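# Descriptive structure summary
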Number of protein chains: 2
Amino acid sequence: MPLPLTEQDADALVGTMGRRAREAARVLAGAPTTRKADALVRAAGLLRARSADILAANAADMARADTSGMAAAMKDRLRLDEARLEGIAAALEAVAGLDDPVGGIVDERNRPNGLLLRRVRVPLGVVGIIYESRPNVTADAGALALMAGNAAILRGGSEARESNAAIHAALADGIEAAGLPRDAVQMIPTTDRAAVGALLRAQGLVDIIVPRGGKGLVARVQDEARVPVLAHLDGINHSFVHASADRGMAEAIVVNAKLRRTGVCGSTETLLIDRAYPHATALVAALLDAGCALRGDRESQALDTRMTAATDEDWDTEYLDAICAVRVVDGVEGAIAHIAAHASHHTDAIIAEDEDTAARFLGDVDSAIVMWNASTQFADGGEFGLGAEIGISTGRLHARGPVALEGLTTYKWQVLGTGQIRP
Amino acid sequence: MPLPLTEQDADALVGTMGRRAREAARVLAGAPTTRKADALVRAAGLLRARSADILAANAADMARADTSGMAAAMKDRLRLDEARLEGIAAALEAVAGLDDPVGGIVDERNRPNGLLLRRVRVPLGVVGIIYESRPNVTADAGALALMAGNAAILRGGSEARESNAAIHAALADGIEAAGLPRDAVQMIPTTDRAAVGALLRAQGLVDIIVPRGGKGLVARVQDEARVPVLAHLDGINHSFVHASADRGMAEAIVVNAKLRRTGVCGSTETLLIDRAYPHATALVAALLDAGCALRGDRESQALDTRMTAATDEDWDTEYLDAICAVRVVDGVEGAIAHIAAHASHHTDAIIAEDEDTAARFLGDVDSAIVMWNASTQFADGGEFGLGAEIGISTGRLHARGPVALEGLTTYKWQVLGTGQIRP
């Protein structure tokens, strides 16, 4: 086993990679869409051609996972098979087909002195991606960064190191075969944790960090990073059923929002019921009958004997499970106040027929995504028509909600003159 | 003299202000444009009505400045008179007349399942503004933050404390008279430096920090802040004269770009001359004749005996003075390479008649502002038609270049459904 990296060694390693990434980013910024797409299509072909080798690498990771007694859920994330590998290749091709935001004109204005000003989309630069056991992130996140004209520095989890190396090699070979710099997507060649620290403090070398993984990873990254981070820590999402809600719609949406998949960040964690909603008993029964445990405040607990008592902690808990907190509130104002106090500013929904009430909720709830008469489980870049997502941001700056190619760009001002000098 | 604040006291003070700001921000986010404008117009009226008191407060600050032996340039920044106070009032009225970005629809899309998605502009939230001796920033920056629907926490320099308090009182009174929360613009009631530290680490309470002042202030803020910072540290701007440049235009632009005002961040600090430009001798003579000292590389030094030798340090120096570094480069590629190595990514210009060359420069130079046939001194929110600016950002995320109202907003996703659940 090698000695742990010193902080200095880690900074030197990330520094070298960062400078190479910056050089590559300069080339990528001017690369035509077709060439970036070609790189991803070639990489997809290489993933298919090398499937036996990649699956063998993954088998080695899985064997280590068995030895170390990895939990079954984590092993499932790590495992590759022919179908999953085909999914990764197809995802690369899908990203290759997305609209390229680079070069797009955000806006344009003519000044009285004849200057023409326009804001033009350009890549962000260098994107650092830190992730855990899923080897598909190597391809997915690297591809999104590349397609938006960025260089990427990847740092995958040690448990997937053989799989990640094999997938990364295919991606880098595809990039090189398309005539783009191999350094466009680099992988940190050590799983030493000191390298993560170095990446997090690489101001000036890395423009943004995207953590992909569990809450522990995201919290560490947000806490330590000096580079801006694009992420969400929690998805404590609310569905509020207003007095004017259609009964059938409310029950269908709430059951879907909570239970379709309980482990995703867009799932509802707290159900708010308007005191004036006449079908509250049937609403909680629908959730309970579908297998959801409910923890309610005193008033909602009276609706069904199967409910248990919520504590203050429940209002701030992301269960990611078939458990839901329930609270009775006073109209849309009560819902807005509860959400202001407890939301993680991810996704919050109102179910209501009354338009003014819905408009009030959509306006006043300060979350990345606010919904009217739809399931919070739609919080997803694919469902939003973005083609993919590199993550969902609950930060307020730069990009909010699902982030895909456009969120991986910024703009520059181009000023076109005919000899103007400033008086 | 009071005891210095402990770190804990400072955090408690800023924490209380931050929570009150967040409450105020919630009201401001939904405030109609007319009410925000009314607040600023009323504040302008109060500044005029209270001019005697404000000038007396300023006289007290000036007296302290005399006692402490403040430098003349700094005293000039601190000094108010009737005309300057009228300028501050008029600036408030100008901000009141700007287009309100809040509520604007960034884009809209319909999904095949009938969901309507739109991104709507919303305020950033709470803006922290840290500044030095100019008391006008109290009104200017507070007004811009407010007009974009944000709450502001101001921290002015100790040397201007009486002036700032008097101007802040007029602003807060105007806000209150318009029916908006007084906490919309708060001023930290101590000039203890510990309060700056507390503001810089107020993650979750303050959404963005804008430092307004000299390089020392900006550097400290960028170094210490855990809250995102909108700023530029340097304006090491380049003007590149290509072989195809029109001689008269090149001389007029370069002299203006360097010398119109040497102390502004948009002034040119390095002149790059294409080796193939036939009028290089006349170009450097134009600058020298206008009173500019030139520090050149060996090749440019040969153009005029009045030039002195540049050292490596000159390529990375923001003179803010009638001094210019000069270097002969190989065509547009040489210029792009020099700028990539030495620019601060603020503003860089090409003077050229050849369109393809200009397009190459505008595309490849990675700065917030790139210009063609115009003076770098146009780098200014007012000149860009933004009506004002809270600052110029050389960061890559969120907002680049001059930042006015739009840069003080973000967006949220509104998803409008008719009962959709996710399959």
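Note that this is a predicted model, so its numbers are computed, not measured.

## Observations concerning the overall build of chain A
Within chain A one finds 14 helices and 16 strands. Taking 22 Å as the expected radius of gyration for a compact globule of 423 residues, we find that chain A reaches 24 Å, a close match to that expectation. Each principal axis of the C-alpha distribution contributes one length, and for chain A these read about 75 × 65 × 40 Å. When the 423 residues of chain A are sorted by exposure, 56% land in the buried category. The long-range share in chain A, meaning contacts at least 24 apart out of those at least 6 apart in sequence, stands at 71%. Working note: accessible area of chain A is about 16000 Å², and carbon and sulfur atoms make up 50% of it.

## Section: the interface of chain B and chain A
Opposite the 69 residues of chain B that make contact, chain A presents 69 residues. With its nearest N and O atoms 3.1 Å apart, the salt bridge here joins Arg 119 of chain B to Glu 406 of chain A. Linking chain B with chain A are 50 residue pairs in polar contact (both at pLDDT 80 or more). Going through the elements one at a time, strand S2 (116–123), helix H9 (215–224), helix H10 (247–259), helix H14 (355–364), strand S13 (369–374), strand S15 (401–403) and strand S16 (409–420) of chain B are the ones with two or more residues in the side of chain B that touches chain A. The element best represented in the side of chain B that touches chain A is S16 of chain B, accounting for eleven residues. When grouped by side-chain class, the residues that make up the side of chain B that touches chain A number 32 nonpolar, 19 polar and 18 charged.

## A look at unusual backbone geometry
Note on backbone geometry: most residues besides glycine have negative phi, and most peptide bonds are trans. One non-glycine residue, Asn 373 of chain A, lies in positive phi territory at about 55°. Positionally, Asn 373 of chain A belongs in strand S13 (residues 369–374). Phi is positive for His 345 of chain B, which is not a glycine, with a value near 60°. You can see His 345 of chain B is positioned in the loop between helix H13 (331–342) and strand S12 (347–351). Accessibility expressed as a relative area gives 29% for His 345 of chain B, which makes it partly exposed.

## Side note on the domain arrangement of chain A
By the assigned domains, chain A splits into domain 1 (7–230 + 403–414) and domain 2 (237–383). Using C-alpha coordinates to define each centre, domain 1 of chain A is positioned 35 Å away from domain 2 of chain A.

## Some words on the pattern of salt bridges
By the definition in use, this model includes 66 salt bridges over all chains. With a closest N to O distance of 2.8 Å, Asp 100 of chain A and Lys 36 of chain A form a salt bridge. Of this pair, Asp 100 of chain A sits in the loop between helix H5 (82–96) and strand S1 (105–110) while Lys 36 of chain A sits in helix H2 (residues 33–49), placing them 64 residues apart in sequence. Residue classification places Lys 36 of chain A among the buried residues on the basis of a relative accessible area of 0%. In this structure, Asp 11 of chain B and Arg 201 of chain B form a salt bridge, with 3.0 Å as the shortest nitrogen-oxygen distance. Highlighted residues: Asp 11 of chain B in helix H1 (residues 7–29) and Arg 201 of chain B in the loop between helix H8 (193–200) and strand S6 (208–212), separated in sequence by 190 residues.

## What about the sheet that holds strand S3 (residues 126–131) of chain A?
Residue and element names in this part refer to chain A. Across the sheet, which stays open at both edges, the four strands sit in the order S5-S4-S3-S6 with parallel pairing between neighbours. Two strands lie at the open edges of the sheet, namely strand S5 (185–187) and strand S6 (208–212), each paired on one side alone. Geometrically, the sheet is characterised by an average inter-axis angle of 20° between neighbouring strands, direction not taken into account. Bridge count between strand S4 (residues 151–155) and S5: three bridges; the pairing is parallel. If you follow Ile 153 over to S5, its bridge partner there is Gln 186. In the packing of helix H1 (residues 7–29) onto the sheet, the strands contacted are S3, S4 and S5, and the crossing angle to S4 comes to about 145°.

## Some thoughts on the nonpolar core
The biggest cluster of nonpolar side chains holds 92 residues, and the ones touching the most others in it are Leu 40, Leu 92 and Ile 129 of chain A. With eight residues, helix H6 (residues 136–147) of chain A is the largest single contributor of residues to this core. Apart from the residues lying within four places of it in its own chain, the contact partners of Leu 40 of chain A are Leu 92, Val 95, Ala 96, Ala 143, Leu 146, Met 147 and Leu 171 of chain A. One finds Tyr 411 of chain A together with Ala 24, Phe 378 and Leu 405 of chain B within the second-largest nonpolar core, a separate group that totals 91 residues.

## Points about the sheet that holds strand S1 (residues 105–110) of chain B
Backbone-to-backbone hydrogen bonds pair the strands of a sheet. The strands run either parallel or antiparallel. Sheet architecture is open: ten strands sit in the order S10(A)-S9(A)-S11(A)-S8(A)-S7(A)-S12(A)-S13(A)-S16(B)-S2(B)-S1(B), paired in mixed fashion. Every other strand in the sheet has two partners, leaving strand S10 (308–309) of chain A together with S1 of chain B as the edge strands with one partner each. Bridge count between strand S9 (residues 293–296) of chain A and S10 of chain A: two bridges; the pairing is parallel. In the strand pairing of S10 of chain A, Arg 295 of chain A is matched with Thr 308 of chain A.

## Brief notes about H9 of chain B
Each full turn of the α-helix corresponds to 3.6 residues, which orients residues three or four apart in the same direction. Residues and elements named next belong to chain B. All buried positions along H9 are accounted for by Leu 217, Val 218 and Val 221. An end-on view of H9 places all buried positions within 95° of arc, on one side of the element. Opposite the buried face of H9, by more than 90 degrees, sit the exposed residues Gly 216 and Asp 223. At its buried positions, H9 is contacted by strand S3 (126–131), H8 and S6.

## Thoughts on the packing of aromatic side chains
Counted under the stated rule, the structure contains six aromatic pairs over all chains. With 4.9 Å between their ring centres and 65° between their planes, Trp 413 of chain A and Phe 384 of chain B make a pair best called edge-to-face. Pair noted here: Trp 413 of chain A is in strand S16 (residues 409–420) and Phe 384 of chain B is in the loop between S13 and strand S14 (391–393), and the two residues belong to different chains. Owing to a relative accessible area of 2%, Trp 413 of chain A belongs among the buried residues under this scheme. Counting every residue linked through ring pairs, the aromatic cluster contains Phe 384 of chain A together with Tyr 411 and Trp 413 of chain B. The lysine or arginine in question, Arg 119 of chain B, covers the ring of Tyr 411 of chain B, its NZ or CZ lying 4.6 Å from the ring centre. Looking at Arg 119 of chain B, its charged tip hangs above the ring of Trp 413 of chain B, at a distance of 5.4 Å from the centre.

## What about the relation of the copies chain B and chain A?
One chain copy maps onto the other through a rotation about an axis and a shift parallel to that axis. Relative to chain A, chain B is turned by 180° and slid 0.0 Å along the rotation axis, the superposed coordinates differing by an RMSD of 0.0 Å. Overall, the copies show the geometry of a two-fold rotation axis. Relative to the rotation axis, the closest C-alpha in chain B is found at His 398 of chain B, a distance of 1.8 Å.

Cut-offs used in this document
Residues numbered from 1 in each chain as written. Chains lettered and ligands numbered in written order. Predicted model: local features only at pLDDT ≥ 70, side-chain atom pairs only at ≥ 80, totals over all residues. Heavy atoms only, no water. Helix = DSSP H or I, 4+ residues; strand = E, 2+ residues; numbered from the N terminus. Rg over C-alpha atoms; globule rule 2.2 N^0.38 Å. Buried < 20%, exposed > 50% of the residue type's maximum accessible area, 1.4 Å probe, protein only. Contact = heavy atoms within 4.5 Å. Areas by Shrake-Rupley, 256 points an atom, 1.4 Å probe, with all protein chains shown as cover. Salt bridge = Lys/Arg side-chain N within 4 Å of Asp/Glu carboxyl O. Polar contact = N/O pair within 3.5 Å; in protein donor to acceptor, adjacent residues only side chain to side chain. Nonpolar A, V, L, I, M, F, W, Y, C, P; charged D, E, K, R; others polar. Domains from an automatic or database assignment. Pairing = 2+ DSSP bridges. Axes fitted to C-alpha atoms, helices over the stretch in contact; angles between N-to-C directions. Core = buried A, V, L, I, M, F, W, Y, C linked by side-chain atoms within 4.5 Å. Arc of directions from axis to C-beta. Phe/Tyr/Trp six-rings, centres within 6.5 Å; stacked < 30°, edge-to-face > 60°. Lys NZ or Arg CZ within 6 Å of the ring centre and 35° of its normal. Least-squares fit on C-alpha atoms with pLDDT ≥ 70 in both.

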